[in-house]
Amino acid sequence: TMQSSGHRFRDVEHHPLLAENDNYDSSSSEADMAERVWFIRDGCGMVCAIMTWLLVVYADFVVTFVMLLPSKDFWYSVINGVLFNCLAVLALSSHLRTMLTDPGAVPKGNATKEYMDNLQLKPGEVIYKCPKCCSIKPERAHHCSICKRCIRKMDHHCPWVNNCVGEKNQRFFVLFTMYIALISAHALVLCGFQFFSCVRGQWTECSDFSPPVTVILMIFLCLEGFLFLTFTAVMFGTQIHSICNDETEIERLKSEKPTWERRLRWEGMKSVFGGQPSLLWINPFAGFRIRRLLLRAKKGGPEFSV
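Computed from a predicted model, the values in this text were never measured in an experiment.

1. Observations concerning the nonpolar core
Soluble globular proteins tend to pack their nonpolar side chains together in the buried interior. With 37 residues, the main nonpolar core has Val-63, Met-67, Phe-173, Ile-180, Leu-221 and Phe-273 as its most contacted residues. Residue assignment for this core shows that the elements contributing at least two residues are helix H2 (43-68), helix H3 (74-100), helix H5 (170-200), helix H6 (211-244) and helix H8 (265-273). Looking at this core, the element that brings in the most residues is H5, giving eleven residues. Ignoring anything within four residues of it in the chain, the contact list for Ile-180 reads Val-56, Ala-91, Phe-228 and Thr-232. Membership of the second largest hydrophobic core comes to nine residues, among which are Ala-105, Cys-147, Met-154 and Cys-164.

What follows is the structure, encoded as structure tokens:
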């Protein structure tokens, strides 16, 4: 513990506010950070994110070209095709927004005397500094070793979205798990109808592919759908439970006693999804501005976890 500017500055380790190799500019602010595109350069996360897209594309291929297009029922094919593809677009859009949205990162190296003086802290007030990214650590923030940043209200780091789930992108992660669960359930239902149709009729007529290829493709889709449905449904339920209890997964696992005033269930939902309940809650495009994104990319380039 060290004394500074009339308040106490508490740290897990004893070392200077800024290391010699830190390139922190005291003129930078969180507004400057918001003007950059967020992306984490993690090999495992990027592979998992690509796999997620490939699995969704595979499911869409089997549903569209193996089951629906060969069907003799025109409206059955159109309705299910439109529904499945719309859910797939919403799922992948939610995935992108989760991956490319700043989860609530605290600026690196802001633990300077100038910054702390601007906080207007009361005498004797204790603040915490993260020894790993050399930043003032807000309440309920945790350091992510993969993002190499402290994340506000960090729930967990998810390799499937190659990002942390935190204060600013939890909504998109919840939508991602919901839409993946829905398309997985839809794919399983379509597989059931397709198997029944093929067994009742002729295998050579129920698909444009040969019977062995059709069976193999559908079996893989069933396995994929079952695994993803189980995983994302559990994750969706866990996230909703955490939001309603105003408690992150890290806080629950560490059994941390809340030092903050917990929100009521609906207040927690409104704080994550924004405003009163509406269709905007399930819209991953809400608040998205292509022009603003292009300006960010042109101005600051991508922000990497280095």
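2. Remarks on unusual backbone geometry
You will see that Cys-134, though not glycine, has its phi angle at about 55 degrees, which is positive. Position of Cys-134 relative to the elements: it lies in the loop between strand S4 (126-130) and strand S5 (135-136). Of note in the backbone geometry, Asn-162 takes a positive phi value of approximately 50 degrees without being a glycine. With respect to the element layout, Asn-162 can be found in the loop between strand S8 (156-158) and strand S9 (163-165).

3. With respect to the UniProt feature "transmembrane region" (unreviewed entry) in the protein chain
In this numbering, the UniProt entry assigns the feature "transmembrane region" (unreviewed entry) to residues 43-68, 74-92, 172-195 and 215-236. Taken as a whole, residues 215-236 contains 100% helix and 0% strand, while its terminal C-alpha atoms sit 31 Å from one another.

4. With respect to the packing of H2 against H3
Between H2 and H3, whose axes approach to 11 Å, the crossing angle comes to 175 degrees. Comparing the axis directions of H2 and H3 gives the class roughly antiparallel. Of H3, the residues touching H2 (which contributes Ala-49, Thr-52, Trp-53, Val-56, Ala-59, Asp-60, Val-63, Thr-64 and Leu-68) are Tyr-76, Ser-77, Asn-80, Gly-81, Phe-84, Asn-85, Ala-88, Leu-92, His-95, Leu-96 and Met-99. Broken down by class, the residue content of the contact of H2 with H3 amounts to twelve nonpolar, seven polar and one charged.

5. Some remarks on the packing of aromatic side chains
Taken as a whole and judged by the stated rule, the model has six aromatic pairs. Pairing Phe-61 with Phe-209 gives two aromatic rings, centres 6.2 Å apart and planes at 75 degrees, and the pair type is edge-to-face. One end of the pair, Phe-61, is in helix H2; the other, Phe-209, is in the loop between H5 and H6, and 148 residues separate them in sequence. Taking the relative accessible area as the measure of exposure, Phe-61 reaches 34% and is therefore partly exposed. Where Trp-266 meets Trp-281, the ring centres are 6.0 Å apart and the plane angle is 40 degrees; that geometry is what we call tilted. Here Trp-266 is found in helix H8, whereas its partner Trp-281 is found in the loop between H8 and helix H9 (290-300), with 15 residues between them in sequence. Note on Trp-266: relative accessible area 54%, which makes it exposed. Here the aromatic residues Phe-61, Phe-65 and Phe-209 are joined through ring pairs into a cluster of three or more.

Conventions used here
- Along each chain, the written sequence defines residue order, and numbers are assigned to residues from 1.
- Per-residue local features are limited, in this predicted model, to residues with pLDDT of at least 70; the limit for side-chain atom pairs, both in listing and counting, is 80 or more; totals at the level of whole chains, interfaces and linings are taken over all residues.
- Think of the side-chain values as coming from all heavy atoms in the structure, minus any hydrogens and water.
- What we call a nonpolar core is a set of buried Ala, Val, Leu, Ile, Met, Phe, Trp, Tyr and Cys residues that are connected through their side-chain atoms within 4.5 Å.
- Exposure categories follow from relative accessible area, calculated using a 1.4 Å probe and restricted to protein chains: below 20% of the type maximum is buried, above 50% is exposed, and the middle band is partly exposed.
- Numbering of helices and strands runs from the N terminus; a helix is a DSSP stretch of H or I covering at least four residues, while a strand is a stretch of E covering at least two.
- Only heavy atoms matter for contacts: two residues are in contact if any of them lie within 4.5 Å across the pair.
- UniProt positions are given in the numbering used here, feature names are shortened, and annotations may be inferred rather than shown by experiment.
- Angles shown run from 0 to 180 degrees and are taken between the N-to-C directions of axes, each axis being a line fitted to C-alpha atoms and, for helices, limited to the stretch in contact.
- Geometric relationships in this document are graded by angle, where less than 35 degrees denotes roughly parallel, more than 145 denotes roughly antiparallel, 65 to 115 denotes roughly perpendicular, and other angles denote oblique.
- Lys, Arg, Asp and Glu make up the charged group, whereas Ala, Val, Leu, Ile, Met, Phe, Trp, Tyr, Cys and Pro make up the nonpolar group; the residues left over, Gly among them, are polar.
- Stacked, tilted and edge-to-face are the three classes applied to pairs of Phe, Tyr and Trp rings, where Trp contributes its six-membered ring and a pair requires centres within 6.5 Å; stacked means planes under 30 degrees apart, edge-to-face means over 60, and tilted covers the rest.

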